[in-house]
Amino acid sequence: MKYTINTPEGTRDRLFAECRDRRRVQNALTALFRRRSYAEVSTPEVEFYDLFLQSGNPMPQEAMLKIVDRSGRILVMRPDCTTPIARVAATKLKTLPLPQRLYYDETVFRSGAEHRGSSGEIAQCGVELIGAAGAKADLEVVALAVDALRSCGLERFHIELGHAGFFKSLAAGMEMDGETVEKMRALIEGKNFAALGDLLEPYADRSACAALARLSRLFGGVEVLEEAQRLAGKNEALTYLHDLCRELEAAGYGDFLRFDLGLVHQIDYYTGVVFRGYVEGAGDAVLSGGRYDGLVAAFGRNAPATGFAIDVDAVAGCLSAGEPPRLGVLVHFAPGQLARALTAVDGRAGGTCELSPCETLEATLSLAREKGAARVLVLEQQGERLVDVP
Ligand SMILES: N[C@@H](Cc1c[nH]c[nH+]1)C(=O)O
């Protein structure tokens with residue numbers, strides 16, 4: 001018989017330290033979210049493909065893992081937590097007063113090389129603040145994004161802020177057809193300057209052209225907003241970002257903030273402030289989010305919203321790994337002594353003491369040697385003794 005030993009593309013097994021670090025990050029994040037009054041929700045791992053169609057297809061179809069159910073309907077493995085939560089907010093939570101603060105600790109599934117290359121199965125911890133428009137909600141969520149990364153033990157990271165409205169207002173001034181705008185968005189996102197230059201050439205007389213050509217270079221400190229204003233004139237999105245940043249600076253978050261006006265998410269439901277979190281020294285973003293004011297309305301309830309998700313494994317990979325616990329003691333117990341044996345294990349730090357399944361003390365000693373335990377605790381009807389492993 002031939003065994004199947006590989007796992008499907010984009011998935012892998014995670015062992016010991018990886019599970020422990022992932023759990024540590026999840027615990028830190030969910031504890032913080034609960035402290036800020038976010039309540040946990042969980043949605044199914046599979047959804048109807050139509051759900052994503054109905055919400056305006058926020059992500060490319062080829063990025064979704066599809067399954068066909070018994071009746072022939074197309075299902076997708078949850079490619080995003082925000083869209084199903086928008087569905088829940090518009091339906092099951094319809095009678096609850098807004099805003100609602102929700103958090104999740106779930107896995108999303110994405111196919112295609114552009115989704116973090118090696119991993120199509122992404123553990124996400126995130127929040128959605130649903131039913132709150134305006135600067136105070138954006139401030140709350142960006143501050144929470146910084147605090148969330150700090151709560152995991154990260155110190156050297158930053159959040160890059162952009163605004164979906166800036167690109168949209170510039171594109172509107174270009175009088176381009178929708179397809180060309182999409183092409184331009186992809187070139188800006190991919191920082192493909194040469195092709196972008198070619199695409200913009202016929203539009204050189206439009207006033208927004210210079211700003212669009214520079215957009216993917218407009219990242220850095222507050223001076224970026226000034227440069228953008230020089231290129232594009234006074235713009236609501238720029239003023240909004242400027243004011244938001246001032247408030248965040250006053251609250252002590254300034255050191256963690258940068259701007260990236262060329263930040264265009266691949267997910268397409270964003271309408272306002274957008275942001276990503278980067279850990280210094282690591283390439284990909286570990287956090288991604290922003291304002292999405294039209295998504296809940298796609299399911300029948302008018303509710304502006306904002307939120308973010310953190311890639312748990314990416315954060316865990318940036319933390320310095322702690323020492324795993326070392327096995328020190330094996331417990332060899334006589335018949336009738338199970339309760340005492342368990343008490344002995346429970347009384348020591350997790351992972352440092354375990355039961356021996358062996359019938360004879362010789363076998364337990366040789367097991368202890370093999371596993372590197374220094375001692376064996378022998379529990380008999382009368383008394384106990386600690387034996388050094390020779
Ligand atoms: N769902 C988004 C993150 C997000 C949460 N809320 C808003 N945006 C993602 O997976 O990138």
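In this report, we go over the structure that sits alongside the text. (Residues numbered from 1 in each chain as written. Predicted model: local features only at pLDDT ≥ 70, side-chain atom pairs only at ≥ 80, totals over all residues. Heavy atoms only, no water.)

What to know about the pairing of strand E5 (residues 100-109)
Selection rule: The buried label goes to any residue with under 20% of its type's maximum accessible area, the exposed label to any with over 50%, and the partly exposed label to all in between, with areas taken from a 1.4 Å probe on protein chains only. Runs of E in the DSSP output that reach at least two residues are strands. Runs of H or I that reach at least four are helices, and both are numbered from the N terminus. By this definition, two strands are paired if DSSP reports at least two bridges between them.
Along E5, 7 of the 10 residues are buried, which leaves the element largely enclosed by surrounding structure. When strand E1 (residues 39-40) meets E5, the two strands line up parallel, connected through 2 bridges. Along E5, the bridge assignment pairs glutamate 40 with tyrosine 103. Of the pairings in the sheet, the one linking E5 to strand E6 (residues 121-130) comprises 10 bridges and is antiparallel in character. Counterpart to tyrosine 104 in the pairing with E6 is glycine 126.

What to know about empty space enclosed by the protein
We apply this condition: Both site types are read off a 1 Å grid over the protein atoms alone. A 1.4 Å probe that fits but cannot get out defines a cavity, while an open set with protein on both sides within 12 Å along at least five of seven lines defines a pocket; lining residues have an atom within 4 Å of a point. Grid points are joined across faces, edges and corners, and a volume is the space filled by probe spheres set on the points. Classification used: nonpolar for Ala, Val, Leu, Ile, Met, Phe, Trp, Tyr, Cys and Pro, charged for Asp, Glu, Lys and Arg, polar for all others including Gly.
Applying the stated criterion to the full structure yields 1 cavity of 30 Å³ or more. Looking at the largest cavity, its volume works out to about 110 Å³. Lining the largest cavity are Ala164, Phe167, Lys168, Arg185, Leu263, Val264, His265, Ile267, Asp268, Tyr270 and Val274. Considering every element that reaches the lining of the largest cavity, the biggest residue donor is helix H5 (residues 164-172), with 3 residues. When its residues are assigned to classes, the lining of the largest cavity shows 7 nonpolar, 1 polar and 3 charged.

Side note on the side chain of glutamine 100
Formally: Any pair of N or O atoms that falls within 3.5 Å is considered a polar contact. Within protein, one atom must be able to donate a hydrogen and the other to accept it, and sequence-neighbouring residues count only if both atoms are side-chain atoms. Pairs of residues are marked as contacts when any of their non-hydrogen atoms sit within 4.5 Å.
In this structure, glutamine 100 sits in strand E5. Of the residues examined, glutamine 100 reaches a relative accessible area of 17% and is grouped as buried. Polar side-chain contacts of glutamine 100 include one of 2.8 Å to the backbone oxygen of proline 97. Setting aside its immediate chain neighbours within four residues, glutamine 100 contacts Glu128, Leu129 and Ile130.

A few points about the sheet that holds strand E4 (residues 74-77)
Inclusion rule: Geometry is summarised by axes, namely lines fitted to C-alpha atoms with helices restricted to the contacting stretch, and by angles between N-to-C directions that run from 0 to 180 degrees.
Taken in spatial order, the 3 strands make up an open sheet running E2-E4-E3, and their pairing is antiparallel. Each of the sheet's edge strands pairs with one partner strand only, and the pair in question is strand E2 (46-48) and strand E3 (66-68). With direction set aside, neighbouring strand axes in the sheet form an average angle of 40°. Sheet topology places E2 next to E4; 3 bridges connect them, and they run antiparallel. Within the sheet, the bridge partner assigned to phenylalanine 48 lies in E4 and is leucine 75.

A short note on unusual backbone geometry
A cis amide bond links leucine 98 with the next residue in sequence, proline 99, at an omega value of 5°. Phi at phenylalanine 16 is positive, roughly 35°, even though this residue is not glycine. When you line up the elements, phenylalanine 16 lands in helix H1 (residues 16-35). Accessibility expressed as a relative area gives 71% for phenylalanine 16, which makes it exposed.

What to know about the site of the ligand
Note the following rule: Any residue with a heavy atom positioned within 4 Å of a molecule or strand is treated as near that molecule or strand.
Around the ligand sit 16 residues, and of these Asp80, Thr82, Arg110, Glu128 and Tyr270 come closest. In this structure, glutamate 128 approaches the ligand through a side-chain N or O atom, which is 2.8 Å from a nitrogen atom. In the model, a nitrogen atom of the ligand is placed 2.6 Å from a nitrogen or oxygen of the tyrosine 270 side chain. Mapped onto the shell around the ligand, the elements with two or more residues apiece are E6, strand E11 (287-291) and strand E12 (305-311). When its residues are assigned to classes, the shell around the ligand shows 7 nonpolar, 6 polar and 3 charged.

Section: the packing of aromatic side chains
Put simply, the test is: Whether two aromatic rings pair depends on their centres lying within 6.5 Å, for rings of Phe, Tyr and Trp, where Trp uses its six-membered ring; planes under 30 degrees apart make the pair stacked, over 60 edge-to-face, and the rest tilted. Any Lys NZ or Arg CZ that is within 6 Å of a ring centre and within 35 degrees of that ring's normal is treated as a charge sitting over the ring.
Enumeration over the complete set of coordinates arrives at 6 aromatic pairs. Seen from their ring centres, phenylalanine 33 and tyrosine 103 are 5.9 Å apart, and the 50° between their planes marks the pair as tilted. With phenylalanine 33 in helix H1 and tyrosine 103 in strand E5, this residue pair connects regions lying 70 residues apart in the sequence. The pair phenylalanine 33 / tyrosine 103 is uniform in exposure class, with both members buried. Ring pairs connect the aromatic residues Phe33, Tyr103, Phe275 and Phe308, which therefore count as one cluster. Lying across the ring of phenylalanine 48, arginine 73 places its NZ or CZ 3.8 Å from the centre.

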